[in-house]
Structure formats: C-alpha cells, structure tokens
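Here is how the chains run, residue by residue.
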Amino acid sequence: MGNQDGMNYAPKGKVNKVVADGEFPFAAIALDHGHIYGMCNGLLEAGAQLKWVYDPDPEKIKAFKEKFPEVQVATSEEEILNDKEVRLVAAAAIPSKRCDLGLRVMDYGKDYFTDKTPFTSLEQLEKARQKTAETDKKYMVYYSERLHVESAVFAGQLIDEGAIGRVIQITGFGPHRLNAPSRPNWFFEKEYYGGILCDIGSHQIEQFLFYTKNKDAKVASSKVANYNNPDHPELEDYGDATLVGDNGATQYFRVDWFTPDGLGTWGDGRTFILGTEGYIEIRKYIDVAREDSKDHLYLVTQEGEKHFHLTGKVGFPFFGELILDCINRTEHAMTQEHAFKAAELCLIAQKEAMKVE
C-alpha cells in the first residue's frame, strides 16, 4: 500500500528508457521531503543517470544511498553545480527555499525539477519567471498526484480522445494523513510550508488546468482552517477553493489532514471529472472498503459504464518527456507557462483565503 503519510510516496512504473545509458546525468539536492524518491525513480525509469546527491544532513544521505546505491555523495552544492555533465537538478527542499535553489541551479546552466509546491510567495514566482526568461532553463514541478498516478494519466488520455466530451467541472479531494510525530518542525510553520492551499492544494489546481485545458482561471473563493490542531497553531489542517477557468469550466476542491487511522493508505484521493457526454471518477490510492489496491477509474458515457484497474498498465510518460524536453528544448511534458500558472493560482487562493475560526 505504500507508506502511511504520503511523505515517501514513490511509485514504481515500467522502465521505458528514452535515452542511452549516461546520456542524461542528473543530481539530487535537498532531501527535505520524501517526494525526492519518486522524482528520482521516475527519471531513472526513463533512462536518466543519477550521478550526485547532496544534503547537509548525513542521515538523509544515508537513507538516500540505501535506495540509490550507485549515486556519488557530493561534499557541497557547488560541487554538483560546477559539474558540467549534470543536465538537471532534482530537489525537494523546504518549500520556502525551493525558489532560491532553483535560481542558483538555472544560473549554473542547468534545468531544475522541484517538488511541489514550487513557491511560497508571488514574489518568488516572479523571480523564477524572470530567471527562466533570462536563462532559457526549465523550472519544472513534480505535481505527483497527476504525473505519478496511472489512473490520473489515463484520465487525461480519455479526455484527449473525447470520451466525455467537453470537460465542464472538476471536483477534487486531496486528504492526507497528518502523522504529526513523524513530521519535521518546518511542516508546522507557515513561513516555511506556505499554507495548505499553497502546498497540497497545488496538485488540485494543476489537475484542473490540465483536464479542462485552461491556460488561466480566477479564484472565486477559498477558505482555510485549523480545526483540530491547537498544539500547532500555524498548521492549516483544512482548506477548500472554487475556481472558474477562462473557458467557463469550474472547479471545487478540498484538501485536509484528516485521514483516519483506519484507512489502509495515507489518503483517499479522488477526482470527479464532468463532461458534456459523460463523467470520470478516479480513485487514486484505494478503492475504499472494496479493494486494497490503487488506480481505479470509473467511466460513464452514453454507451454505458466501465471500470478500469490501471496499475502497471499505463506508465508515467512525464519523466521521459521531461528528459527529451531538456535535451531538445521542447515542451511536451509540461509547458513552463502551465507549471507557473498552477503555482500562481494556488498562491492567490492561499493569499485570499477566508480563515475559518
């Protein structure tokens, strides 16, 4: 089932190499969030070579080496940045520090691949926009709840084929298990994690833009609360928002830290996609009380009902596309505009959120 809080969610997929061995060396810097394992694993499955790792914490390095024994341990960030062979740096820094690291990486002529959320302020986003324009380097984002979930990938393929007509509404649920004792201090300090809509809400907004094919949207309303964690006053354990896309499609999503201990995984992540000719429901991580398995998709159209169990059947094309985009300077995996727009909207939703007491 994977781990119990989502921190180290690192799916394994089909090995589908898009480059020859040694053709695309990359490095990992900043191991503050366990998503770095999924990011590196996805790149390795697509044929990249993990050459270096650096983090000031020897315990994090030790754990990383156990998972990726071939990697060399760098003595400093600069040792990696000065290595001209390294094409891309993958990083999962503390959220508030992700932007500054990305700016340094791009200044050294490398592409940057960061865990979500990529920013904790609109000022950081503006700096990154300027730097990508100045350097022509990528600031890519690991929106894992779409990119690293086979049922979510398949939903995009169905939509592209016109299976449900025009997409007009998305409802998303992104519950997570808090597991507070296992969390680092920064997790509870808003200055560092940015707020719940900025953080795990970024997944939901990115999916909305992608599935509805919107390049922009407005935040109609948003709310945050700390309902049940008085010991951590800066933690937001609940958030929701409503968006309206430029093409008229709408979204409501809810994110929270209230997954009960009785659930067999860290969160019952679901997405409902309504089209003019049918609808899709994605049960990403569990089919609750029915099957202890992930990646279930339900499709209802004018022709009837279908259930797909997609584990091991779709793969994760984003990673190979990203590698080829870095080599060819194309934008097939994700456009820079899309990565930044999802980040911008989650920052606006966070900034404008009503605080429910």
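So, how was this worked out
- Residues numbered from 1 in each chain as written.
- Predicted model: local features only at pLDDT ≥ 70, side-chain atom pairs only at ≥ 80, totals over all residues.
- Heavy atoms only, no water.
- Helix = DSSP H or I, 4+ residues; strand = E, 2+ residues; numbered from the N terminus.
- Buried < 20%, exposed > 50% of the residue type's maximum accessible area, 1.4 Å probe, protein only.
- Polar contact = N/O pair within 3.5 Å; in protein donor to acceptor, adjacent residues only side chain to side chain.
- UniProt positions renumbered as here; feature names shortened; annotations may be inferred.
- Phe/Tyr/Trp six-rings, centres within 6.5 Å; stacked < 30°, edge-to-face > 60°.
- Lys NZ or Arg CZ within 6 Å of the ring centre and 35° of its normal.
- Expected span 1.5 Å × (residues − 1).
- Contact = heavy atoms within 4.5 Å.

Student: Would you take a moment to explain the environment of threonine 117 for this structure?
Tutor: Take threonine 117: it is sitting in the loop between strand 5 (111-115) and helix 5 (122-135). Residue threonine 117 is classed as buried on the basis of its relative accessible area, which comes to 0%. A C-alpha to C-alpha distance of 18 Å links threonine 117 and glycine 267, two positions 150 residues apart in sequence. A distance of 3.3 Å separates a polar side-chain atom of threonine 117 from the backbone oxygen of phenylalanine 119. Here cysteine 198 takes part through its backbone oxygen, which lies 2.8 Å from a polar atom of the side chain of threonine 117.

Student: Just to check I follow, could you spell out the UniProt feature "domain: Gfo/Idh/MocA-like oxidoreductase N-terminal" (unreviewed entry) in the protein chain for this structure?
Tutor: Mapped onto this numbering, the UniProt entry gives "domain: Gfo/Idh/MocA-like oxidoreductase N-terminal" (unreviewed entry) at residues 47-143. Between the C-alpha atoms that bound residues 47-143 the distance is 20 Å, and the span itself is 40% helix and 23% strand.

Student: Please explain the packing of aromatic side chains as it appears in this structure.
Tutor: Tallied over the entire structure, the rule returns 20 aromatic pairs. Ring centres of phenylalanine 113 and phenylalanine 319 lie 6.4 Å apart, and the angle between their planes is 75 degrees; this geometry places the pair in the edge-to-face category. Note that phenylalanine 113 is positioned in strand 5 and phenylalanine 319 in helix 10 (residues 317-328), a separation of 206 residues in sequence. Each member of the pair, phenylalanine 113 as well as phenylalanine 319, is classed as buried. With a centroid separation of 4.5 Å and an interplanar angle of 40 degrees, the aromatic rings of tryptophan 266 and tyrosine 285 are classed as tilted. With tryptophan 266 in the loop between strand 10 (250-256) and strand 11 (270-275) and tyrosine 285 in the loop between strand 12 (278-283) and strand 13 (296-301), this residue pair connects regions lying 19 residues apart in the sequence. Of the two residues, tryptophan 266 and tyrosine 285, neither departs from the other in class, the shared state being buried. An aromatic cluster is built from Tyr112, Phe119, Tyr139 and Phe340, whose rings are joined through pairwise contacts. Across from the ring centre of phenylalanine 210, 3.6 Å away, lies the NZ or CZ of arginine 146, which sits over that ring.

Student: Even after reading the chapter, I still don't get helix 11 (residues 336-351), so can you show me in this structure?
Tutor: Residues spaced three or four apart along an α-helix point in a common direction, a consequence of the helix completing one turn every 3.6 residues. In this model helix 11 runs 22 Å from its N-terminal to its C-terminal C-alpha over 16 residues, within 8% of the 22 Å that 1.5 Å per residue would give. A large share of helix 11 lies buried, amounting to 13 of its 16 residues.

Student: Even after reading the chapter, I still don't get the UniProt feature "domain: GFO/IDH/MocA-like oxidoreductase" (unreviewed entry) in the protein chain, so can you show me in this structure?
Tutor: Following the UniProt record, the feature "domain: GFO/IDH/MocA-like oxidoreductase" (unreviewed entry) maps to residues 156-281 here. When the span residues 156-281 is considered, its composition is 17% helix and 34% strand, and the gap between its end C-alpha atoms is 12 Å.

Student: Whenever I open this one, the environment of tyrosine 298 confuses me. Can you help?
Tutor: Within the secondary structure, tyrosine 298 sits in strand 13. Of the residues examined, tyrosine 298 reaches a relative accessible area of 18% and is grouped as buried. In this structure the C-alpha to C-alpha distance between tyrosine 298 and phenylalanine 308, which are 10 residues apart in sequence, comes to 6.4 Å. Excluding anything up to four places from it in sequence, tyrosine 298 contacts Tyr279, Ile280, Glu281, Arg283, Asp287, Arg290, Lys306 and His307. A polar side-chain atom of tyrosine 298 sits 2.8 Å from a polar atom in the side chain of aspartate 287.

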